[in-house]
Amino acid sequence: MSTTSQKHRDFVAEPMGDKPVTALSGIGEVLGNKLEEQGFDRAFVVLGQYLLLRKDGELFTEWLKDTSGANTRNATSCSQCLREWCDSFL
Amino acid sequence: MATLRSKSDQEIMELLDEYGIKHGPIVDTTRPLYEKKLKEAMAKDKKVTKPSSDKTFYREEQEEVTYVTYRTPVISEGPSGDGKPYMRSRPEYSERDFVDEKLYSRSRPEYSSGRQYIDEPHVYNTPSYSSYSKPTPVVKSGGGVVKDEKTESSERLVPLWIQFLVFLIVAGFLYFIFINMESVESNPFNRIQ
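Residues numbered from 1 in each chain as written. Chains lettered and ligands numbered in written order. Predicted model: local features only at pLDDT ≥ 70, side-chain atom pairs only at ≥ 80, totals over all residues. Heavy atoms only, no water.

Moving on to helix 4 (residues 57–68) of chain A. With twelve residues, helix 4 of chain A extends 16 Å from end C-alpha to end C-alpha; this agrees with the ideal 16 Å at 1.5 Å per step. Those residues of helix 4 of chain A that sit buried are Leu59, Phe60, Thr61, Glu62, Trp63, Leu64, Thr67 and Ser68 of chain A. Buried residues in helix 4 of chain A make contact with helix 2 (29–37), helix 3 (43–52) and helix 5 (72–89) of chain A together with helix 2 (31–48) of chain B. If you check the start of helix 4 of chain A, you find a side-chain oxygen 2.8 Å away from the backbone N of Glu58 of chain A, and it comes from Asp56 of chain A. In the stretch just after helix 4 of chain A, Gly69 of chain A is the one whose phi turns positive, near 75°. (Helix = DSSP H or I, 4+ residues; strand = E, 2+ residues; numbered from the N terminus. Expected span 1.5 Å × (residues − 1). Buried < 20%, exposed > 50% of the residue type's maximum accessible area, 1.4 Å probe, protein only. Contact = heavy atoms within 4.5 Å. Polar contact = N/O pair within 3.5 Å; in protein donor to acceptor, adjacent residues only side chain to side chain.)

Right, let's talk about the nonpolar core for a bit. Core analysis: the biggest nonpolar cluster contains 37 residues, and Phe11, Leu24, Phe60, Trp63, Leu64 and Leu82 of chain A have the highest contact counts within it. Listed by contribution, the elements that provide at least two residues to this core are helix 1 (6–12), helix 2, helix 3, helix 4 and helix 5 of chain A together with helix 1 (9–18) and helix 2 of chain B. Top element by residues in this core is helix 5 of chain A. It accounts for six residues. Leaving out residues up to four positions away in the same chain, Trp63 of chain A has contacts with Leu35, Phe40, Gln49 and Leu53 of chain A together with Thr29 and Leu33 of chain B. (Core = buried A, V, L, I, M, F, W, Y, C linked by side-chain atoms within 4.5 Å.)

In the UniProt entry, the feature "transmembrane region" (unreviewed entry) is given for residues 157–178 of chain B. Span residues 157–178 of chain B is 86% helix and 0% strand, its end C-alpha atoms 32 Å apart. (UniProt positions renumbered as here; feature names shortened; annotations may be inferred.)

The subject of this paragraph is the packing of helix 3 of chain A against helix 5 of chain A. Residue and element names in this part refer to chain A. Contact geometry of helix 3 with helix 5 gives a least axis separation of 11 Å together with a crossing angle of 85°. Classed by the angle they form, the pair helix 3 and helix 5 counts as roughly perpendicular. Touching Val46, Leu47, Tyr50 and Leu51 of helix 3 are Ser79, Leu82, Arg83, Trp85 and Cys86, all from helix 5. (Axes fitted to C-alpha atoms, helices over the stretch in contact; angles between N-to-C directions. Parallel < 35°, antiparallel > 145°, perpendicular 65-115°, else oblique.)

In this section: a nonpolar patch on the surface. The grouping of Val166, Val170, Phe173, Leu174, Tyr175, Phe176, Ile177, Phe178, Ile179 and Met181 of chain B at the surface amounts to a nonpolar patch, some 1100 Å² of accessible area in total. Of note, Phe176 of chain B is situated in helix 5 (residues 160–179). (Patch = residues over 30% accessible without salt bridge, like charges linked within 9 Å, V, L, I, M, F, W, Y side chains within 5 Å. Areas by Shrake-Rupley, 256 points an atom, 1.4 Å probe, with all protein chains shown as cover. Salt bridge = Lys/Arg side-chain N within 4 Å of Asp/Glu carboxyl O.)

This part takes up the interface of chain A and chain B. Contact with chain A, which involves ten residues of that partner, is made by twelve residues of chain B. At the boundary of chain A with chain B, total buried surface from both sides reaches about 900 Å², with 59% on carbon and sulfur atoms. On the chain A side of the contact with chain B, Leu52, Leu59 and Glu62 of chain A bury the most area, a combined 50% of that side's loss. At the junction of chain A and chain B, the tally comes to four salt bridges. Salt-bridge contacts for Asp56 of chain A lead to Lys22 of chain B; the nearest nitrogen and oxygen are separated by 3.3 Å. Where chain A touches chain B, the interface holds five residue pairs in polar contact (both at pLDDT 80 or more). (Buried area = accessible area lost by both parts, 1.4 Å probe.)

A surface patch of like charges, here negative, comprises Glu11, Glu14, Asp17 and Glu18 of chain B. Note that Glu11 of chain B resides in helix 1. (Lys, Arg positive; Asp, Glu negative; His and termini not counted. Charge placed at Lys NZ, Arg CZ, Asp CG, Glu CD.)

Okay, here's the thing in structure tokens:
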């Protein structure tokens, strides 16, 4: 049994389409609101940021922490989620 | 260094490359992150480029012929006439607490055999005295605490005195074994009849 959450598995299983940012693993309501304030209201926008950072997990994690105040665990989880999604669909 | 904010995107990119920071394009959303990383890298750099160089500087000074340094009162001055040669720890030039130059006629380093006990201050520190290997500097009328003279500043995992203690224990042990060996007086080559 993998250590990923159900949310993670749901997200990486299919194209993200217009899913909200809270669909990302590690992003709950609080973090989601913070991100939306900054203009990242959809998951694909966050994906865009991930791609801009050249899909570098560390950079993205750092960015996410700075931008939304996420802790390391959540940020890493989101980063991993996006990475796996990209592996399948990008 | 001008503030990072005022630099152009291009300059930020160049700085990032300079510090070897992996990065993507500099965009509205990525710029603050890169500025932060550059600030950290610059702060770290500044801290690193200040090595403490007094020690090396000191050591170079020691290579000079005449010692003008003064020594801490650990080592007693020579002439109290031990009669025995001073076994100063050999020119570990790392110890810089020598008496004033009066005691050191360092101007004659040629006397390699140490026969020159003529002068009172028989304190030769020239490197040619192989006999004066730098062992236990026992002969100190000052009650020599020379041990820590040269090593008090170095960091050791195991304290020095413990090392000495272990050494003595091992030496004692070996000596004990040696003493208890069978004597070899008899002729081992007896022909077996």
